[in-house]
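Examining the three-dimensional arrangement
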Amino acid sequence: MSTLSIRLAHAADIPALVAWNAAMAWETEAKRLDPALLAKGVGAVLDEPRRGFYLVAERDGLAVGGLLVTYEWSDWRNGDFWWIQSVYVEPAARRGGVFRALYAEVERRAQTSGAVGLRLYVETENVRAQHTYESLGMQRCHYAMYEREFRRTAD
């Protein structure tokens, strides 16, 4: 039986995190990301813990997926919501409990730290992911998301 473990990401994980983010953007939005900008963005999280942290899932010592956690202050609740973002599991490892293990570790860390809750967003057409999130006790909220994006380069 294979062993699944979850750990904090470190600098040596940057290439995998960049590749996973690029693959996730392509799979979910058919969007090509600038690899140099993406590498700087991933590195910026590792350099500044106030931005969040990445977790990496390993099966038998091989990295098979990961996610990013960022923080959103809630004045209503006087605490942080933890946002789960940039979720990616290698195709060969999907449906094998990787995301569930990552989620359980985020939930454990969030409760231990005093976070007020967990949030994430999901593509409206990604019904499989929605069912997974609901099976973990998450509920669809009543907010619609809007954004205005500004262009950035890797400089």
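Residues numbered from 1 in each chain as written. Predicted model: local features only at pLDDT ≥ 70, side-chain atom pairs only at ≥ 80, totals over all residues. Heavy atoms only, no water.

Notes on the overall build of the chain
In terms of helices and strands, the chain carries four helices and five strands. Against the compact-globule benchmark of 15 Å for 155 residues, the chain has a radius of gyration of 16 Å, which places it among compact chains. Dimensions of the chain, computed from C-alpha atoms along their principal axes, come out at roughly 45 × 40 × 30 Å. Out of the 155 residues belonging to the chain, those deemed buried represent 32%. Counted over contacts in the chain with a minimum sequence separation of 6, partners at least 24 positions apart contribute 58%. (Helix = DSSP H or I, 4+ residues; strand = E, 2+ residues; numbered from the N terminus. Rg over C-alpha atoms; globule rule 2.2 N^0.38 Å. Buried < 20%, exposed > 50% of the residue type's maximum accessible area, 1.4 Å probe, protein only. Contact = heavy atoms within 4.5 Å.)

A closer look at the nonpolar core
Most often, soluble globular proteins keep nonpolar side chains buried together rather than apart. Residues Leu-67, Trp-82, Val-98, Val-106 and Leu-118 are the most contacted members of the largest nonpolar core, which totals 21 residues. Put simply, the parts of the chain that give this core at least two residues each are strand E2 (53–59), strand E3 (62–74), strand E4 (79–89), helix H3 (98–113), strand E5 (117–120) and helix H4 (127–135). It is H3 that provides the largest number of residues to this core, a total of six residues. Leave out the neighbours within four places in its chain, and Val-106 touches Leu-55, Leu-67, Val-69, Trp-82, Ile-84 and Leu-118. Counting residues in each nonpolar core, the second largest holds eleven residues, with Val-18, Tyr-54, Val-56 and Tyr-88 among its members. (Core = buried A, V, L, I, M, F, W, Y, C linked by side-chain atoms within 4.5 Å.)

Looking at the side chain of Thr-70
With respect to the helices and strands, Thr-70 occurs in strand E3. With residues up to four places along the chain from it excluded, the contact list for Thr-70 reads Arg-51, Gly-52, Phe-81, Trp-82, Trp-83 and Gln-85.

Considering the packing of aromatic side chains
Counting across every chain of the model gives six aromatic pairs. Summarising the aromatic geometry, the rings of Phe-53 and Tyr-71 are spaced 6.5 Å apart at their centres and angled 45° between planes, so their arrangement reads as tilted. In this pair, Phe-53 is assigned in strand E2 and Tyr-71 in strand E3, connecting sequence segments 18 residues apart. Summarising the aromatic geometry, the rings of Trp-83 and Tyr-121 are spaced 6.0 Å apart at their centres and angled 50° between planes, so their arrangement reads as tilted. Taken together, the residues Trp-83 in strand E4 and Tyr-121 in the loop between E5 and H4 connect sequence positions 38 residues apart. Linked through ring pairs, Phe-53, Tyr-71 and Trp-82 together constitute an aromatic cluster. Across from the ring centre of Trp-26, 3.8 Å away, lies the NZ or CZ of Arg-32, which sits over that ring. If you follow Arg-119 out to its NZ or CZ, it ends over the ring of Phe-81, 3.6 Å from the centre. (Phe/Tyr/Trp six-rings, centres within 6.5 Å; stacked < 30°, edge-to-face > 60°. Lys NZ or Arg CZ within 6 Å of the ring centre and 35° of its normal.)

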